[in-house]
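Summary of structural features
Residues per chain, in single letters:
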Amino acid sequence: MAGEATTIRVVETREDVEAFTAWTETVRSRVVAFDTETTSTDIYAPGFRLRLAQFGTETDAWVIPVDAHQVPEPRRSLAARAVVDMLNDHPRLTVHNATFDALIAARHLGVDLDSLWSRVTDTTILAHLCDPRGPEDGGTGMSLKALAAQRVDSDAPDTATGLYAAFREIGHTKDTGWAAIDLHHPLYTLYAGLDVILGARLYHSLSAEAAVRGFGRLAEFEHAVALVCAKIEARGFRVDPGYLSELSIRLAGEATQWGGVAAEFGVTSVNAPAQVSAALVGMGETLTETTDTGALKVDKEVLKPLADLDRDWERVGAREPNLLAEAVLRAKRAAKWRVSYADAMLSRRDADDRIHPSITALKARTARMSISRPPLQQLPSGDWVIRRALVADFPGWVVGGVDYAAVEMRILAALSGDPVMCQAIHDGHDLHDYTAELIFGPAFTKGHRKIAKGVGFGKVYGGGPDTLARQTGAPLEQVRATLREYDRVYRGIKRYSRRLVQRAEYGCREVITPAGRVLPLDRRRLYAAVNYMVQSTARDVLAEALLRLDERGLTPYLRLPVHDEVVWTAPADIAADVGREIADAMTVPDFFGVPLFTDLEIGGYSWGSLYGAPL
DNA sequence: ACTTTCACG
DNA sequence: ACGTACGTGAAAGTG
């Protein structure tokens, strides 16, 4: 690799296990990379197995088979023991995407998560601090392969492709081959061994750059945040399988029924935009909006007016509803809710009816977290039916939530130091009410407040008058006028926004957040600087809150972080105390001169109860 | 692989 | 001078 000879050893005998243990003694002062190969990425699925554990330096790797299905006893236990000893004792380890392997070590090898974590450096964290961009945005992304190609050896052997070919030879796919490939297949062990050699080399490259660029403290912070998120993931969130089964059937029926209606109009698949647009045009509807590639757009913003439905799916009474448009809307929604949410939760639950969504604590360019499999940060919020499926841990427990009040606006006020907005916050005003009154006078209406709120967000997000008019539903001229007034009233925000974009224009194309994060900007979208600054800072406010919650011993109650809130569960008799404690730990009394307050909600048995569900 | 759509903050 | 909403995850269809 990179012109240097490397060695990969595969443990095949009892003596090999001893040789591995002897090797671990010789590398005690070195940073050793750790990695695993498993039957799947579903750590908590029944039938999940750890198959290989690997350790390595820049030049030497050990591949240790521990799969109970293929390694005979007592060698398997001896090998597993040797792996556990290394994980428990070695002073400095590096892992690429450490949350995954650490959770496996904790659940399937009985390793103590806190102890292991205190000795681990996660190279995805370092890579994200050095460049948070994904490959689609001109960055390298966080995959081991791409990072290693960039920093270690652009000609590093591409073992994955060969391995996938081996999967196909045994009648499997990219996804299923991991469980089926022979434990001693040479491509499999080669792939496994190379990964730790690459990982060790990547560590040295990334840690050097992170140190030079002063990311040490931020890296430490991110490791602490990732540990709290790993604990939340390990505990999981309980689902109600009986409710989900019934819901799945009901949604399937709805999708079939509305799909049948669409079929009467010649639309055999409601998910085929070309079919839908052709049928609508054939019925005499005029479609004007187009997609990026010039096709006629038929998303729900286009279809709802045709179906005479407003944003909340209520009849408007403005026209004769187009039955096809309505059928497509309802069929698609029912199918999506069933497949992406109900069935996803049902299929991913563990033996205790808990789901363990994968939480990536440091994901977006702005450092925002992401939650996947299933995407619990994106469950429908306008209706309680999906969230009703997530329930408290035991009978007699309840679900609650704590969220920050208007956190992005407050952060914008604090960072810009805008005196008018800061004063309004100190005086305890509702920010959007306050803005509406400033612009429209004391007799402002709900509609005025909505426009004021939209313009406030527009400032954070960098939107123009057209987008804001579309979003708020207000007339373009009124939005333009409001934007002008906004700039006049909140001069500090205007000045701050201009300064951020100007710096990006004349300096390097990046913003540096108060946390010390360097966020690269796209050449064509320098205006995004304000949004990046605010969104990223809001993320760090929640991340710091997670650390305070953990310090207060509240992590066992936490179920999810959702950008500006946490979801928790607790026994009903202490729920008020737990909720207050969480709300208090999250509160930031003085964020650059502005208080960040929290709102506490205590619900019932299900998360849906916070959205109007009866239970 | 790419596009389109839809769910969230 | 002009004009741009930001960030995600996931499924399904098309080719």
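Look a little higher up for the structure.
Residue positions are counted from 1 within each chain, in the order its sequence is given. Chains and ligands are labelled sequentially in the order written, the chains with letters from A and the ligands with numbers from 1. Totals for whole chains, interfaces and linings use all residues, but because this is a predicted model, local features are given only for residues with pLDDT of at least 70 and pairs of side-chain atoms are given and counted only at 80 or more. Water and hydrogen atoms were dropped before computing side-chain values, which therefore reflect all heavy atoms in the structure.

1. Structural notes on the sheet that holds strand β4 (residues 60–65)
Whether two strands pair comes down to DSSP finding at least two bridges between them. Counting from the N terminus, the helices are DSSP H or I runs at least four residues long and the strands are E runs at least two residues long. An order of β1-β4-β3-β2-β5-β6 is seen for the six strands of this open sheet, with the pairing classed as mixed. With partners counted over all chains shown, the strands left at the sheet margins are β1 (7–10) and β6 (120–122), one partner each. Ignoring which end each strand starts from, the neighbouring axes of this sheet average 25° apart. With six bridges joining them, strand β2 (residues 32–38) and strand β3 (residues 50–56) adopt antiparallel strand pairing. The residue of β3 that forms the bridge with Thr 36 is Ala 53. When checking whether two residues touch, look at their non-hydrogen atoms; a contact exists if any pair is within 4.5 Å. Axis definition: a line fit to C-alpha positions, over the contact stretch in the case of helices; interaxial angles, taken between N-to-C directions, run 0 to 180 degrees. Helix-sheet contacts for helix α3 (residues 98–109) involve β2, β3, β5 (93–95) and β6, and the interaxial angle to β2 is about 70°.

2. Some details on the protein's contact with DNA strand C
The nearness test applies per residue and asks whether one of its heavy atoms lies within 4 Å of the molecule or strand. Residues in contact with DNA strand C amount to 27 residues; listed here are only the nearest, Arg 373, Tyr 461, Thr 467, Tyr 527 and Tyr 532. Looking at DNA strand C alone, sugar and phosphate atoms form 73% of those within 4 Å of the protein. Within the side chain of Lys 336, one N or O atom sits 3.2 Å away from a base nitrogen of DNA strand C. Here a polar contact means two N or O atoms within 3.5 Å. Within protein one must be a hydrogen donor candidate and the other an acceptor candidate, and residues neighboring in sequence count only if both atoms are side-chain atoms. Side-chain polar atom of Arg 525 to a phosphate oxygen of DNA strand C: 2.9 Å apart, as the coordinates give it. Where the surface near DNA strand C is concerned, the elements lending two or more residues are α14 (323–347), β10 (370–372), α18 (446–461), α19 (465–472) and α22 (528–551).

3. Some thoughts on the packing of α18 against α22
Relative orientation of the contacting elements α18 and α22 amounts to 100°, with a least axis distance of 6 Å. By the criterion of interaxial angle, the relationship of α18 to α22 is roughly perpendicular. Residues Lys 459, Val 460 and Tyr 461 of α18 pack against Val 530, Asn 531 and Val 534 of α22. In this count, Pro and Cys sit with the nonpolar residues alongside Ala, Val, Leu, Ile, Met, Phe, Trp and Tyr, while Asp, Glu, Lys and Arg are called charged and the others, Gly among them, polar. Counted by class, the contact of α18 with α22 contains four nonpolar, one polar and one charged residues. Orientation categories follow fixed angle ranges, with anything under 35 degrees roughly parallel, anything over 145 roughly antiparallel, 65 to 115 roughly perpendicular, and all other angles oblique.

4. What to know about the protein's contact with DNA strand B
Taken together, the neighbourhood of DNA strand B is formed by 25 residues, with Thr 291, Thr 293, Lys 300, Lys 336 and Leu 379 sitting nearest. The sugar-phosphate backbone supplies 84% of the atoms of DNA strand B found within 4 Å of the protein. Within the backbone of Gln 378, an N or O atom sits 3.5 Å from a sugar or linking oxygen of DNA strand B. Across the surface near DNA strand B, the residue classes break down as seven nonpolar, eight polar and 10 charged.

5. Section: the pattern of salt bridges
For salt bridges, the criterion is a side-chain nitrogen of Lys or Arg within 4 Å of an Asp or Glu carboxyl oxygen. All told, the structure shown has 39 salt bridges when counted by the stated rule. Where Arg 449 meets Asp 433, a salt bridge forms, and the shortest distance between an N and an O atom there is 2.9 Å. With Arg 449 in helix α18 and Asp 433 in helix α17 (residues 431–440), the pair connects residues that are 16 residues apart, well separated along the chain. Here's how the labels work: a residue is buried when its accessible area is under 20% of the maximum for its type, exposed when over 50%, partly exposed in between, all with a 1.4 Å probe on protein chains only. Among the residues examined, Asp 433 registers a relative accessible area of 28% and is labelled partly exposed. Note that Arg 517 and Asp 540 form a salt bridge whose closest N and O atoms lie 2.7 Å from each other. Of the two residues, Arg 517 is situated in the loop between β13 (510–512) and β14 (518–520) and Asp 540 in helix α22; the sequence distance between them amounts to 23 residues. With respect to class, Arg 517 is no different from Asp 540; both count as buried. The network of salt bridges with shared partners includes Asp 137, Arg 365, Asp 522 and Arg 525.

6. Some details on the nonpolar core
What we call a nonpolar core is a set of buried Ala, Val, Leu, Ile, Met, Phe, Trp, Tyr and Cys residues that are connected through their side-chain atoms within 4.5 Å. Phe 55, Leu 87, Met 345, Val 566 and Ile 582 are the most contacted members of the largest nonpolar core, which has 166 residues in total. It is α22 that contributes the most residues to this core, 14 residues altogether. Once residues lying within four places of it in the same chain are set aside, the contact partners of Leu 87 are Phe 34, Phe 55, Leu 93, Ala 105, Leu 109, Val 111, Leu 116 and Arg 119. Counting 22 residues, the second largest nonpolar core, distinct from the first, contains Val 276, Ala 279, Leu 280 and Leu 309.

7. Examining the side chain of Arg 387
Tracing the chain through its elements places Arg 387 in the loop between β10 and β11 (390–391). Note that His is not counted, nor are the chain ends; the positive residues are Lys and Arg, and the negative ones are Asp and Glu. Of the side chains with opposite charge, Glu 565 comes closest to the buried, unpaired Arg 387, at an N-O distance of 5.1 Å.

8. Focus: the layout of surface pockets
Of the voids in this model, the second largest pocket is the one considered here, and its volume is about 880 Å³. Cavities and pockets were defined on a 1 Å grid built over protein atoms only: a cavity is a set of grid points that admits a 1.4 Å probe from which the probe cannot escape, a pocket is an open set flanked by protein on both sides within 12 Å along at least five of seven lines, and lining residues are those with an atom within 4 Å of any such point. Around the second largest pocket, the lining comprises 22 residues; the ones closest to its centre are Lys 300, Lys 304, Arg 311, Trp 313 and Gly 382. Of all the elements in the fold, those that place two or more residues in the lining of the second largest pocket are α13 (300–306) and α14. At seven residues, α14 tops the list of elements feeding residues into the lining of the second largest pocket. Grid points are joined across faces, edges and corners, and a volume is the space filled by probe spheres set on the points.

9. Section: the pairing of strand β12 (residues 397–404)
Among the eight residues of β12, six are classified as buried, and the element is accordingly described as predominantly covered. The pairing of β12 with strand β16 (residues 565–571) spans seven bridges and is classified as antiparallel. Following the sheet pairing, Val 399 is matched in β16 by Thr 569.

10. Description of the sheet that holds strand β7 (residues 237–239)
Taken in spatial order, the three strands make up an open sheet running β8-β7-β11, and their pairing is antiparallel. Either end of the sheet is taken by a strand with one partner, and the two such strands are β8 (354–355) and β11. For β7 and β8, the ladder comprises two bridges, and the chain directions are antiparallel. Directly across from Phe 237, in β8, lies its bridge partner Ile 355.

11. Structural notes on the packing of aromatic side chains
What counts as a ring pair is set by centres within 6.5 Å for rings of Phe, Tyr and Trp (its six-membered ring), and what kind of pair is set by the plane angle: stacked under 30 degrees, edge-to-face over 60, tilted for all other angles. A full pass over the atoms with the stated rule returns 14 aromatic pairs. Plain terms: the ring middles of Trp 607 and Tyr 611 are 6.5 Å apart, the flat faces sit at 75° to each other, and that makes the pair edge-to-face. Residue classification places Tyr 611 among the partly exposed positions, given a relative accessible area of 26%. In this structure, Arg 333 packs its charged tip against the face of Trp 313, placed 3.9 Å from the ring centre. A ring has a charge above it when a Lys NZ or an Arg CZ is no more than 6 Å from the ring centre and no more than 35 degrees off the ring normal. Here the guanidinium or amino end of Arg 387 rests over the ring plane of Trp 607, the centre of that ring lying 4.6 Å away.

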